[in-house]
Amino acid sequence: MDDFAQFYQAGGFFMHPIALCAVLGAGVMIERFIFLFFRFNINGGQFFNQVQKLVMANNIDRAIKLCNAADKAALARVMKAGLTRANKSEADIASAIEESMLEVTPAIGKRISMIAAIGNIATLLGLLGTIFGMIDAFDAVATVAADQRSQALAKGIGIAMNTTGFGLEVAIPLLAAQVFIQGLAKKIADEVDLYAVKLENLLAARVRQG
């Protein structure tokens, strides 16, 4: 802990905005992970199979109750929208599913791009700190008295290296997390698209059969 405090202090002013990026990025990353993994995520194939069996058994009410039991999941919300119109026309079913998907899809990808953006900003702040640190180092060589030159030069180089290092330490985990969370969001969105179409076709066939 003492080593990090010395490292942070030696980095100068630009360590503070980089630390702010770390806090903001971690907050968005944790919020998105919890939201997607624990709320919106569901085993799409298994869930659709359960709904399909109930629909084929003409037990729409139980299918809706199944969706209500997982009402936080994106797929369950979309399926519920279609199931509540199961006894309407094909156009009504398609419209209900499409409307629900338009509500759910933006929520899946919400704020994910911010994670990478914050990581990139942290990197750029680190590079900016490096530039100012090198300027201080060159100024030390040119203007500081000989007996203080080595200390001033070390301070400038410390600012340059520490800000770069801290910027990368913040950016790399955020960018890695963004890749994982983006993949999770894509998996959820793909399942919603796939099984929403399957449900629409299933309910449309049921309507045509009377």
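Note that this is a predicted model, so its numbers are computed, not measured. (Residues numbered from 1 in each chain as written. Predicted model: local features only at pLDDT ≥ 70, side-chain atom pairs only at ≥ 80, totals over all residues. Heavy atoms only, no water.)

### Some details on the overall build of the protein chain
Inference 1: Each helix and strand counted, the protein chain has eight helices and zero strands in total.
Inference 2: Sequence-ordered secondary structure for the protein chain, helices as α and strands as β, is α-α-α-α-α-α-α-α.
Inference 3: For the protein chain, whose C-alpha radius of gyration is 27 Å, the value lies well above the compact-globule estimate of 17 Å for 210 residues.
Inference 4: Taking the principal axes of its C-alpha atoms as reference, the protein chain extends roughly 95 × 30 × 20 Å.
Inference 5: Considering only contacts within the protein chain whose residues lie at least 6 apart along the sequence, 77% involve residues at least 24 apart. (Helix = DSSP H or I, 4+ residues; strand = E, 2+ residues; numbered from the N terminus. Rg over C-alpha atoms; globule rule 2.2 N^0.38 Å. Contact = heavy atoms within 4.5 Å.)

### Considerations on the nonpolar core
Inference 1: In this structure, Leu 36, Phe 40, Phe 47, Met 79, Leu 83 and Ile 108 are the most contacted members of the largest nonpolar core, which totals 52 residues.
Inference 2: Put simply, the parts of the chain that give this core at least two residues each are helix H2 (15-40), helix H3 (44-56), helix H4 (60-69), helix H5 (74-83), helix H6 (90-109), helix H7 (112-143) and helix H8 (146-209).
Inference 3: For this core, the leading source of residues is H8, giving 13 residues.
Inference 4: Beyond its immediate chain neighbours, meaning those up to four positions away, Phe 47 contacts Ile 42, Leu 66, Cys 67, Ala 70, Leu 75, Ala 76 and Met 79. (Core = buried A, V, L, I, M, F, W, Y, C linked by side-chain atoms within 4.5 Å. Buried < 20%, exposed > 50% of the residue type's maximum accessible area, 1.4 Å probe, protein only.)

### Section: the pattern of salt bridges
Inference 1: On inspection of all chains with the given rule, the structure shows five salt bridges.
Inference 2: Ionic pairing is found between Glu 191 and Lys 187, a salt bridge with its closest N-O pair at 3.8 Å. Taken as a pair, Glu 191 and Lys 187 lie in helix H8 at a separation of four residues, close to a single helical turn.
Inference 3: Relative accessible area serves as the criterion here: at 32%, Lys 187 is assigned to the partly exposed category.
Inference 4: Each of Glu 31, Arg 32 and Arg 111 takes part in one network of salt bridges that share partners. (Salt bridge = Lys/Arg side-chain N within 4 Å of Asp/Glu carboxyl O.)

### Re the packing of aromatic side chains
Inference 1: In the structure shown here, the tally under the stated rule is 13 aromatic pairs.
Inference 2: Here Phe 37 and Phe 38 contribute two aromatic rings whose centre-to-centre distance is 5.1 Å and whose plane-to-plane angle is 80 degrees, an arrangement assigned as edge-to-face.
Inference 3: By relative accessible area, Phe 37 is classed as partly exposed at 38%.
Inference 4: Taking relative accessible area as the criterion, Phe 38 reaches 56% and is therefore assigned exposed.
Inference 5: An aromatic cluster of three or more residues is present, and its members are Phe 4, Phe 7, Tyr 8 and Phe 166. (Phe/Tyr/Trp six-rings, centres within 6.5 Å; stacked < 30°, edge-to-face > 60°.)

### Details of unusual backbone geometry
Inference 1: Unlike most non-glycine residues, Asn 58 shows phi in positive territory, near 60 degrees.
Inference 2: Locating Asn 58 in the fold gives a position in the loop between H3 and H4.
Inference 3: Look at Asn 58 and you get exposed, because its relative accessible area is 54%.
Inference 4: You will see that Arg 111, though not glycine, has its phi angle at about 65 degrees, which is positive.
Inference 5: By secondary structure assignment, the location of Arg 111 is in the loop between H6 and H7.
Inference 6: Take Arg 111: its relative accessible area is 31%, and that puts it in the partly exposed class.

Function-wise, these values are silent; they only describe arrangement.
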